[in-house]
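So you can see what is in the structure, the chains are spelled out below.
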Amino acid sequence: QVQFVESGGGLVQPGGSLKLSCAASVSIFSIYAMGWYRQAPGKQRELVAAITSGGSTRYADSVKGRFTISRDNAKNTVYLQMNSLKPEDTAVYYCYARRTLISTQNDWGQGTQVTVSS
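Values in this document were obtained by computation on a predicted structure and should not be read as measured data.

Explain the packing of aromatic side chains to me, please; I cannot follow it from the model alone.
A ring pair, where both rings are aromatic, is described by two values, the distance of the centres and the angle of the planes. In the structure shown here, the tally under the stated rule is 3 aromatic pairs. Ring geometry for Tyr37 versus Tyr96: centroids 5.0 Å apart, planes at 70 degrees, classification edge-to-face. Highlighted residues: Tyr37 in strand β4 (residues 33-39) and Tyr96 in strand β9 (residues 91-98), separated in sequence by 59 residues. Of the two residues examined, Tyr37 and Tyr96, each falls in the buried class. An angle of 40 degrees between the planes, with centres 5.9 Å apart, marks the rings of Tyr96 and Trp108 as tilted. Within this pair, whereas Tyr96 is found in strand β9, its partner Trp108 is found in strand β10 (residues 107-108), the two being separated by 12 residues in sequence. With relative accessibility at 6%, the residue Tyr96 sits in the buried group. Members of the aromatic cluster, each reached through a chain of ring pairs, are Tyr37, Tyr96 and Trp108.

And the structure:
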């Protein structure tokens, strides 16, 4: 199982920026994909961004062009740079890992609150 230390959330004004970090307990080179889901009250869980061990990335349409996911294998850490934040980005963001292509369960971080409000 993969364990995480997730950080970087907070309160920002619309148009502001935050950078989330997710440090894994194992080498992320061995993990098929990592990224963040988010969930706001009354809304469906949404995949925000993901990155594979090979560097391929995927973003939700709602964040494309504003968010950038990256990884640092030496630090076993993935990052989510969030720019031009909007109130609708407000949610709890959960780091996750999909161990292999055929994994049936994800491993999850503890979540961090992101609030975008004036």
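Having seen the structure, we can now continue with the description.
Honestly, the pairing of β9 in this entry has me stumped. Any pointers?
Looking down a regular strand, the side chains alternate between one sheet face and the other. Pairing of β4 with β9 involves 7 bridges; the strand directions are antiparallel. Looking across to β9, one finds that Tyr37 is bridged to Tyr94. Bridge analysis of β9 against strand β11 (residues 112-116) gives 3 bridges, and the strand direction is antiparallel. Paired with Val92 across the two strands is Gln113, which belongs to β11. Pairing geometry for β9 and β10, over 2 bridges, is antiparallel.

Analysis parameters
Residues numbered from 1 in each chain as written. Predicted model: local features only at pLDDT ≥ 70, side-chain atom pairs only at ≥ 80, totals over all residues. Heavy atoms only, no water. Phe/Tyr/Trp six-rings, centres within 6.5 Å; stacked < 30°, edge-to-face > 60°. Helix = DSSP H or I, 4+ residues; strand = E, 2+ residues; numbered from the N terminus. Buried < 20%, exposed > 50% of the residue type's maximum accessible area, 1.4 Å probe, protein only. Pairing = 2+ DSSP bridges.

Function cannot be read off these values alone, since they describe shape.
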